[in-house]
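Below are the chains, spelled out letter by letter.
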Amino acid sequence: MLSNCCRSSRRLVHTARHTLTDDAMRARTLARSLCISSAASFVFDGYAQLLVEHPLTTNIATAGALAAAGDAVAQRNNVVYDAKRGLSFVAFDAAYRGGFQT
């Protein structure tokens, strides 16, 4: 289903590029949003399945990934990224929030 959506999306985008009318631009925007929503649905369905099949492992991985992203945002103004701080934050979050609080 995902590949069919993206194929039809590509056709609409190709058409919109060559005929830059308002309708073509709307079709291009719609096609891109449909393809993105199908891809997001595919990813989230897989994530939901992992939560059912392997809840602890998935929660630990999710907590670690969110901790890494959060610490990277917190350190974005630093000249040099402090990897030791980042790893300790990921380890704590993965163990505590992902494992213990599950």
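Structure shown above.
Enquirer: Explain the pattern of salt bridges to me, and be specific about the residues and the numbers.
Expert: Under the counting rule described, the total for this entry stands at two salt bridges. For D71, the salt bridge is made with R85, and the minimal N-O distance between the two is 2.8 Å. With D71 in helix α3 (residues 55-74) and R85 in helix α4 (residues 83-100), this residue pair connects regions lying 14 residues apart in the sequence. Of the residues examined, D71 reaches a relative accessible area of 2% and is grouped as buried. For R85, a relative accessible area of 38% puts it in the partly exposed group. Ionic pairing is found between D93 and R97, a salt bridge with its closest N-O pair at 3.4 Å. Of this pair, D93 and R97 both sit in helix α4, four residues apart, which is roughly one turn of the helix. With relative accessibility at 4%, the residue D93 sits in the buried group.

Enquirer: So what's going on with a nonpolar patch on the surface? Which residues, and what values?
Expert: A surface patch of nonpolar side chains, amounting to about 440 Å² of accessible area, comprises F42, V43, F44 and Y47. Here Y47 is to be found in helix α2 (residues 22-53). Overall, the relative accessible area of 30% leaves Y47 in the partly exposed class.

Procedures and definitions
- Residues numbered from 1 in each chain as written.
- Predicted model: local features only at pLDDT ≥ 70, side-chain atom pairs only at ≥ 80, totals over all residues.
- Heavy atoms only, no water.
- Salt bridge = Lys/Arg side-chain N within 4 Å of Asp/Glu carboxyl O.
- Helix = DSSP H or I, 4+ residues; strand = E, 2+ residues; numbered from the N terminus.
- Buried < 20%, exposed > 50% of the residue type's maximum accessible area, 1.4 Å probe, protein only.
- Patch = residues over 30% accessible without salt bridge, like charges linked within 9 Å, V, L, I, M, F, W, Y side chains within 5 Å.
- Areas by Shrake-Rupley, 256 points an atom, 1.4 Å probe, with all protein chains shown as cover.

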